[in-house]
Amino acid sequence: MAEEIVVDRGLEGVNVGETVLSNVEGEAGRLTFRGYDIDDLAPKATYEEVVYLLFYGKLPNQTELSALEATLAGKRALPESTIAVLRAIPHDAWPMDVLRTAISSLAHVIPHKASGQHPSDVDAALGLVAKTSTIVATWDRLRRGLEPVAPHAKLSTAANFLYMMTGSEPSAEFAKALDLYYVLLADHSYNASTFSARVTASTNADLYCAITAAVATLTGELHGGAPSQVQDTLDQLGAPEKAEQFVRDLLKAKGRLMGMGHREYKVRDPRAKHLEETAKQLNKGGGSYALARALEDAWNKVLKEEKPTARIYANVDFYTAPALGALGIANDEYTCMFACSRIAGWSAHVLEQYTNNRLIRPKATYTGPAVHPFEPISERGREPAGSART
Ligand code: ACO
């Protein structure tokens, strides 16, 4: 009897590898980085502490942390060639397209081996962690017709991003809020962009290739592209009292509410409560926060009536929109901010992949035509106009 072949298009529930970096417990709604609960890290650790944890396997002591902060600060400036690339891009380009190109361009100035690969180690990874925020802030200014601001050596990664974007040091409240966002988003097991990075790394491609692949994969709204669309939804909603009707109409039209639902979490995303609190504080309880809160309440109520068995709750992207918006970050840059944080997790996963590598190469079930003879060109019929080969 032929062996039954199971096709799992979304790899849902399929374990394709191991990691010591982070653990997503979807039923419990818990996220841990190397065993530390995100609920403890979010209020108590800085992004730099989390970067240290991911790369070196433990939380740093004060000396180790200060050294890492200095290393990151020293790596923030972009090479002239990357600044030149950014200057050459049309101002209306999509920021994630720009980030993908700029990250890739960083490799051009790194000496490569005979194979074309660039060194891919913790030092290179820290360079990417430091430079990703600089790219996003530099592009933000260039597209507004402003000159870039040089990085500030004494500020944290998050505070320095706001400094480079605005040209002035952020308030403690803003710096803390963005740092918290960076902590929360730093890693998330084998999500789509991380998996993409690991697939690329598994071919022995270098870190820059793997991270470029990750940035590209993050773009879509089923992954990191959602928060900009959450903001669009909040803008469209306009008033909290319209939320219930909005949700009813959306579900009737079989639409998707961005920022809701997750492949892994079947309860509310554990990062959402921290981002909600931040969004609430930054918006002083009103503005986009009040709209988001009303929308989530309406969603939970209407979903219970319409789809009582569905388990679709707020994910990390839902309160990202009102939080980042209140910090003055442009709507179309929200996914770039995700990348500014996740660069740590992506890089750590790529390095982990190299340590115990095996080429990731799954199978596919062939569903095309059976084997048949080749037709010489003179014997082939004309294809109907407009038909496309796939
Ligand atoms: N709004 C409306 N319906 C939804 C939503 C949503 N946000 N999410 C899932 N559903 C419904 C689907 O329509 C489907 O319904 P059906 O069974 O009646 O056809 C059912 O729930 C299952 O949906 P799937 O897409 O199969 O579930 P999956 O596990 O792939 O969903 C996903 C995960 C893609 C994130 C989904 O919830 C979604 O599209 N959410 C909106 C986009 C979003 O917020 N993306 C960011 C994700 S978080 C992150 O990556 C950082």
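About the thresholds
- Residues numbered from 1 in each chain as written.
- Predicted model: local features only at pLDDT ≥ 70, side-chain atom pairs only at ≥ 80, totals over all residues.
- Heavy atoms only, no water.
- Phe/Tyr/Trp six-rings, centres within 6.5 Å; stacked < 30°, edge-to-face > 60°.
- Helix = DSSP H or I, 4+ residues; strand = E, 2+ residues; numbered from the N terminus.
- Buried < 20%, exposed > 50% of the residue type's maximum accessible area, 1.4 Å probe, protein only.
- Near = heavy atom within 4 Å.
- Polar contact = N/O pair within 3.5 Å; in protein donor to acceptor, adjacent residues only side chain to side chain.
- Areas by Shrake-Rupley, 256 points an atom, 1.4 Å probe, with all protein chains shown as cover.
- Expected span 1.5 Å × (residues − 1).
- Contact = heavy atoms within 4.5 Å.
- Pairing = 2+ DSSP bridges.
- Disulfide = S-S within 2.5 Å.
- Axes fitted to C-alpha atoms, helices over the stretch in contact; angles between N-to-C directions.
- Parallel < 35°, antiparallel > 145°, perpendicular 65-115°, else oblique.
- Nonpolar A, V, L, I, M, F, W, Y, C, P; charged D, E, K, R; others polar.
- Left-handed = near helix turned anticlockwise from the far one by under 90°.

**Let's talk about the packing of aromatic side chains**
The geometry of two aromatic rings is summed up by the distance between their centres and the angle between their planes.
Alright, step 1. Tallied over the full model, the rule gives six aromatic pairs.
Alright, step 2. Judged by centre distance (4.5 Å) and plane angle (40°), the rings of Y52 and Y56 are tilted. With Y52 and Y56 both in helix α2 (residues 47–56), this residue pair falls four residues apart, about one helical turn.
Alright, step 3. Judged by its relative accessible area of 10%, Y52 falls in the buried class.

**Notes on the site of the ligand**
Alright, step 1. The local shell around the ligand holds 20 residues, among which R256, L257, G259, M260 and N315 are the closest.
Alright, step 2. In this structure, an oxygen atom belonging to the ligand sits 2.9 Å away from a side-chain N or O atom of H223.
Alright, step 3. Residue R256 places a side-chain N or O atom 2.7 Å away from an oxygen atom belonging to the ligand.
Alright, step 4. Calculation on the ligand without its partners gives an accessible area of 910 Å², and the protein chains cover 70% of this total.

**Regarding helix α5 (residues 95–106)**
Alright, step 1. Between the first and last C-alpha of α5 there are 17 Å, a value that for 12 residues agrees with the 16 Å anticipated at 1.5 Å per step.
Alright, step 2. Buried-residue contacts for α5 involve α4 (80–88), α6 (122–143), α10 (207–218) and α16 (334–355).

**Thoughts on the pairing of strand β1 (residues 22–25)**
Alright, step 1. Of the two faces of β1, only one is covered, namely that formed by S22 and V24; the face formed by N23 and E25 stays uncovered.
Alright, step 2. Note that β1 and strand β2 (residues 30–33) share four bridges and pair antiparallel. Considered in β2, the bridge of N23 is made with T32.
Alright, step 3. Hairpin geometry of β1 and β2 is characterised by an intervening segment of four residues between the two adjacent antiparallel strands and by a positive phi of about 70° at G29.

**Things to note about the pairing of β2**
Alright, step 1. Bridge count between β2 and strand β3 (residues 36–37): two bridges; the pairing is antiparallel. Bridge pairing links T32 to D37 in β3.

**Describing the sheet that holds β3**
Alright, step 1. Strands sit in the order β1-β2-β3 across an open sheet of three strands; the sheet is antiparallel. A strand with exactly one partner marks an edge of an open sheet, and here the two such strands are β1 and β3.

**A short note on the state of the cysteines**
Alright, step 1. The tally for this structure, following the rule as stated, stands at zero disulfides.
Alright, step 2. C336 carries a free sulfur, and the closest cysteine sulfur to it, the one in C340, is 6.9 Å from it.
Alright, step 3. Using a relative accessible area of 1% as the deciding quantity, one classes C336 as buried.

**Remarks on helix α9 (residues 192–201)**
Alright, step 1. The element α9 is largely enclosed, with a buried count of eight among its 10 residues.
Alright, step 2. Within α9, the full set of buried residues consists of S193, T194, F195, S196, A197, R198, T200 and A201.
Alright, step 3. Where the residues of α9 are buried, they touch α10 and α16.

**Comments concerning the packing of helix α11 (residues 226–237) against helix α14 (residues 287–306)**
Alright, step 1. At a minimum axis distance of 10 Å, the contact between α11 and α14 shows a crossing angle of 90°. It follows from the interaxial angle that α11 and α14 lie roughly perpendicular. Residues Q231, T233, L234 and L237 of α11 touch α14, and the partners they reach there are S288, L291, A292 and L295.
Alright, step 2. Grouping the amino acids of the contact of α11 with α14 by side-chain chemistry returns five nonpolar, three polar and no charged.

**Quick notes on the packing of helix α12 (residues 243–252) against α14**
Alright, step 1. Where α12 contacts α14, the axes come no closer than 8 Å and their chain directions differ by 50°. Between α12 and α14, the angle falls in the class oblique. The chirality of how α12 crosses α14 is right-handed. Mapping the contact onto sequence places A243, E244, F246, V247, R248, L250 and L251 in α12 and A294, L295, A298, W299, K301, V302, L303, E305 and E306 in α14.

**So, the environment of D140**
Alright, step 1. Mapped onto the fold, D140 is located in helix α6.
Alright, step 2. Sequence separation between D140 and T166 is 26 residues; the distance between their C-alpha atoms is 9.3 Å.
Alright, step 3. Leave out the neighbours within four places in its chain, and D140 touches M165 and E333.
Alright, step 4. Side chain to side chain, D140 and R144 meet in a polar contact 2.6 Å long.

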